[in-house]
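Residue strings, one per chain:
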Amino acid sequence: MIHKIATFLVVLTVAFGFGQTTKFKVVLDAGHGGKDYGAVYHGNIEKNIALKTVLKVGAILEKDPQIEVVYTRQTDVFIELQQRAKIANKSKGSIFVSMHCNANKSEAASGNETYVMGITRNASNLEVAKAENEVVTLESDYKVKYDGFDPKSPESVIGISILQEEYLDQSIELAGNVQQFFTKKTSNKNRGVKQAGFLVLRQITMPRVLIEMGFVSNKEEGAFLNSESGQDKLAEAISGAILEYKKEFFNPSKEPEVKEKEPVKTTSEEKPVEKEQSKPVEKQSNKGIVYKVQIAASSKKLKTVPQNFKGLKPISVETSGKLFKYFYGMETQYEEAKKRLDEAKKKGYSSAYIVAYKDGIKINLADAIK
C-alpha cells in the first residue's frame with residue numbers, strides 16, 4: 001500500500017510540478033460540502049462554517065499583492081479528497097490549509113487544535129482523523145481509489161501517515177503559528193499542535209495543515225463558530241498565522257532571508273508574550289550553514305544543563321523578546337539534524353522542529369537545505 005501511494009505521489013509531482021514562484025500561493029480548503037455535511041450539532045453545520053471562514057481568510061490574504069489564493073471550493077459543493085489534492089498540487093501552492101470543525105460525544109469538549117501529517121497511536125487523535133476520513137465513503141469506488149482504505153481502521157489511519165516527511169518541519173511551524181494566533185484572537189482553549197493521518201493531507205506535495213477550529217458539539221463554542229463575529233476572529237487568526245509564516249519561508253528573490261520576528265509556539269492556554277526582534281543569547285561560533293532542533297519556548301530562563309531537558313545535550317538558548325527558546329544540538333548536515341530531531345521527539349518533545357543558520361544568522365530551512 002505504501003509503495004503504491006508513494007508511486008502516486010511521484011506521478012503527481014512530475015505531472016503538476018512543485019516549486020516556489022514569484023507569488024506566495026495559499027491553497028485554502030473548506031472541509032466537507034454538498035452532500036457531505038460534516039459534523040452537525042445544535043443547528044451548527046460544519047460544512048457551512050468551514051466555507052464561510054475560508055472565504056473570510058481568503059479575502060484578508062488577497063489584500064497582500066504577493067499572495068495568490070487558490071480555493072478547493074468556494075460554494076456548497078462536494079469535492080472528493082483526491083480532487084482537493086490535485087487542485088493543490090496543480091496550482092504549485094506554497095502551503096495547503098484545510099479548515100474543519102471538531103465534534104465529540106461529550107458536549108463539554110472544547111478548544112482548537114491544528115494537525116500535521118504524522119504517525120500517532122493517540123486514541124483521541126485517531127478518532128479525529130477517522131471521523132474526517134469517513135467522507136471517502138460518499139465517493140464512488142473509494143476502495144479502489146484509496147487502495148482498500150478503511151476509514152474505521154486505526155491501521156489504515158496510521159499507514160497513510162508514513163509519507164512525505166520532507167515538509168513536516170514547515171508544517172509544524174505553520175501549525176504552531178495558527179495555535180499562537182488563536183490564543184491571541186480568541187479566548188478558546190488551545191489544544192496545541194498534533195499529528196494524525198488525514199487522507200486529505202496525504203497526497204499534498206507542500207507544507208500542509210488541517211485546522212479544527214472548535215467543537216460544534218459544544219453549545220457555547222458551536223454558537224461562536226456559527227456567528228459572524230466568531231468567524232471574523234477565526235479568519236483574523238488563521239490569516240495572521242499564514243502571513244507570519246510567509247515572512248519566514250517565502251523569498252521570491254531566492255536569497256537567504258533573515259528572520260526578524262519569529263512565531264511563538266504555544267502548547268498551553270497561556271497568553272503568549274509580546275514578540276520583539278530576536279537576539280541570540282549564545283552567539284553562533286560556526287561559519288556556514290548549521291542546523292539546530294528547537295525543543296521548547298518559555299518565559300522562564302533555565303540553565304542549559306541536561307537534567308532540565310530530559311537528558312539532552314548540548315542545549316543552547318536564544319531570546320525572542322521576553323521569551324527564551326531552547327535548542328538541542330548543532331549540526332552542519334541536515335541528515336544529522338534529523339537524527340537529533342528524532343532523539344528529541346523520543347524524549348517527549350513532540351512539537352520539536354529543525355531551524356537553520358548561516359554565519360550565525362537564522363535563515364529559512366528550505367534555503368539552507370538547497
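Above this text sits the structure in question.
The sections below set out a description of the structure shown in this document. Think of each chain on its own: its residues are numbered from 1, step by step along the sequence as written. The model is predicted, so local features are restricted to residues of pLDDT at least 70 and side-chain atom pairs to those at 80 or more, both for listing and for counting; the totals for chains, interfaces and linings are taken over all residues. The basis for every side-chain value is the complete set of non-hydrogen atoms in the structure, without hydrogens or water.

**As for the overall build of the chain**
Link 1 in the chain: Secondary structure elements are taken from DSSP: a helix is a run of H or I of four residues or more, a strand is a run of E of two residues or more, and numbering for both begins at the N terminus. Within the chain, the secondary structure is distributed over 12 helices and 14 strands.
Link 2 in the chain: Across the 370 residues in the chain, those meeting the buried criterion constitute 56%.
Link 3 in the chain: Considering only contacts within the chain whose residues lie at least 6 apart along the sequence, 79% involve residues at least 24 apart.
Link 4 in the chain: When the accessible surface of the chain is split by element, carbon and sulfur atoms take 51% of a total near 16,200 Å². Only protein chains enter the accessibility calculation, which uses a 1.4 Å probe; a residue is then buried when its area is under 20% of its type maximum, exposed when over 50%, and partly exposed in between. By the convention used here, residues are in contact when the closest approach between their heavy atoms is within 4.5 Å. Residue burial considers only the protein chains on display, and all accessible areas are found by Shrake-Rupley using a 1.4 Å probe.

**Quick word on the packing of helix α2 (residues 46-61) against helix α10 (residues 228-249)**
Link 1 in the chain: The angle between two axes is taken between their N-to-C directions and runs from 0 to 180 degrees, where each axis is a line fitted to C-alpha atoms and a helix contributes only its stretch in contact. Relative orientation of the contacting elements α2 and α10 amounts to 50°, with a least axis distance of 8 Å. Between α2 and α10, the interaxial angle falls into the category oblique. The two elements α2 and α10 meet at a crossing, and its hand is right-handed. Contacts from Ile49, Lys52, Thr53, Lys56, Val57, Ile60 and Leu61 of α2 reach α10 at Glu228, Gln231, Asp232, Leu234, Ala235, Glu236, Ile238, Ser239, Ile242 and Leu243. Comment on the angle field: the value is read as roughly parallel under 35 degrees, roughly antiparallel over 145, roughly perpendicular from 65 to 115, and oblique elsewhere. Crossings are sorted by hand: turned counterclockwise from the far helix by less than a right angle, the near helix makes the crossing left-handed, and turned clockwise it makes it right-handed.

**Brief notes about the pattern of salt bridges**
Link 1 in the chain: Salt bridges, as used here, are contacts in which a Lys or Arg side-chain nitrogen is within 4 Å of a carboxyl oxygen on Asp or Glu. Under the defined criterion, the tally for this structure stands at 10 salt bridges.
Link 2 in the chain: With a closest N to O distance of 3.3 Å, Glu336 and Lys339 form a salt bridge. One end of the pair, Glu336, and the other, Lys339, are both in helix α11 (residues 334-346), 3 residues apart, so they sit about a helical turn from each other.
Link 3 in the chain: For Lys339, a relative accessible area of 47% puts it in the partly exposed group.
Link 4 in the chain: If you follow the salt bridges from partner to partner, you end up with Lys56, Glu228 and Asp232 in one network.

**Digging into α2**
Link 1 in the chain: Multiplying 1.5 Å by the helix residue count minus one yields the expected span of that helix. Between its first and last C-alpha atoms α2 spans 22 Å; for 16 residues at 1.5 Å apiece the expected length is 22 Å, and the two agree.
Link 2 in the chain: For α2, the full list of buried residues reads Glu46, Lys47, Ile49, Ala50, Leu51, Thr53, Val54, Lys56, Val57, Gly58 and Leu61.

**Quick notes on the environment of Lys303**
Link 1 in the chain: Here Lys303 is to be found in the loop between β10 (289-298) and β11 (315-320).
Link 2 in the chain: The residues contacting Lys303, other than those within four sequence positions of it, are Asn308 and Phe309.

**Notes on the packing of helix α7 (residues 168-185) against α10**
Link 1 in the chain: Running from amino to carboxyl end, α7 crosses α10 at an angle of 140°, the nearest separation of the two axes being 8 Å. Considered as vectors, α7 and α10 are oriented oblique to each other. The interaxial crossing formed by α7 with α10 has right-handed handedness. Residue-level contacts link Gln170, Glu173, Leu174, Asn177, Val178, Phe181, Phe182 and Lys185 of α7 to Lys233, Leu234, Glu236, Ala237, Ile238, Gly240, Ala241, Ile242, Glu244, Tyr245 and Phe249 of α10.
Link 2 in the chain: Among the residues making up the contact of α7 with α10, the classes are represented as 11 nonpolar, 3 polar and 5 charged. Residues are grouped as follows: nonpolar covers Ala, Val, Leu, Ile, Met, Phe, Trp, Tyr, Cys and Pro; charged covers Asp, Glu, Lys and Arg; every other residue, Gly included, is treated as polar.

**Side note on the pairing of strand β1 (residues 24-30)**
Link 1 in the chain: Of all 7 residues that make up β1, 7 are buried, and the element is covered over most of its length.
Link 2 in the chain: Taking every second residue as pointing to the same face, both faces of β1 are buried, with Phe24, Val26, Leu28 and Ala30 on one and Lys25, Val27 and Asp29 on the other.
Link 3 in the chain: Where β1 meets strand β4 (residues 67-71), 5 bridges bridge the pair, whose relative direction is parallel. Paired with Phe24 across the bridge in β4 is Ile67.
Link 4 in the chain: Here β1 pairs with strand β5 (residues 95-102) via 5 bridges, running parallel. Paired with Val26 across the strands is Ile95, a residue of β5. Note on pairing: two strands pair once DSSP finds at least 2 bridges between them.

**Concerning unusual backbone geometry**
Link 1 in the chain: Following Lys313, the chain continues into Pro314 via a peptide bond in cis, with omega recorded as 0°.
Link 2 in the chain: Position of Pro314 relative to the elements: it lies in the loop between β10 and β11.
Link 3 in the chain: The phi torsion at His32 lies on the positive side, around 65°, for a residue other than glycine.
Link 4 in the chain: By the element assignment, His32 lies in the loop between β1 and β2 (40-41).
Link 5 in the chain: The exposure class of His32 is buried, given its relative accessible area of 7%.
Link 6 in the chain: Here the phi dihedral of His42 falls at roughly 55°; this positive angle occurs in a residue that is not glycine.

**Here we look at the environment of Ser98**
Link 1 in the chain: Inspection of the secondary structure assignment puts Ser98 in strand β5.
Link 2 in the chain: Remark: the alpha-carbon pair of Ser98 and Ile211, spanning 113 residues in sequence, is separated by 6.1 Å.
Link 3 in the chain: Whenever two N or O atoms come within 3.5 Å, that pair is a polar contact, provided that in protein one can donate a hydrogen and the other can accept it, and provided that, for residues adjacent in sequence, both atoms are side-chain atoms. Among the polar contacts made by the side chain of Ser98, one reaches the side chain of Asp29 at a distance of 2.5 Å.

**Comments concerning helix α3 (residues 81-90)**
Link 1 in the chain: Taken together, the buried positions of α3 are Leu81, Gln82, Arg84, Ala85, Ala88 and Asn89. Axial view of α3: buried residues confined to an arc of 155°, hence all on one face.
Link 2 in the chain: Residue Lys92 follows α3 closely and has a positive phi angle near 55°. Note that the arc is computed from the directions linking the helix axis to the C-beta atoms.

**Side note on the packing of aromatic side chains**
Link 1 in the chain: Two aromatic rings from Phe, Tyr or Trp, using only the six-membered ring of Trp, form a pair when their centres are within 6.5 Å; if the ring planes differ by under 30 degrees the pair is stacked, by over 60 it is edge-to-face, and anything between is tilted. Counted under the stated rule, the structure contains 3 aromatic pairs.
Link 2 in the chain: For the pair Phe309 and Tyr326, a centre-to-centre distance of 5.1 Å together with 45° between the ring planes defines the contact as tilted. Of this pair, Phe309 sits in the loop between β10 and β11 while Tyr326 is found in strand β12 (residues 323-331), placing the two residues 17 residues apart along the sequence. By the burial criterion, Phe309 is buried, and Tyr326 matches it.
Link 3 in the chain: In this scheme, Lys NZ or Arg CZ marks a charge over a ring once it lies within 6 Å of the ring centre and within 35 degrees of the ring normal. Cation over ring: Lys35 sits above Phe78, and NZ or CZ is 4.8 Å from the ring centre.
Link 4 in the chain: The ring of Phe181 has Lys184 lying over it, and the distance from NZ or CZ to the ring centre is 4.6 Å.

Everything listed here is a matter of coordinates, which is why it stays silent on function.
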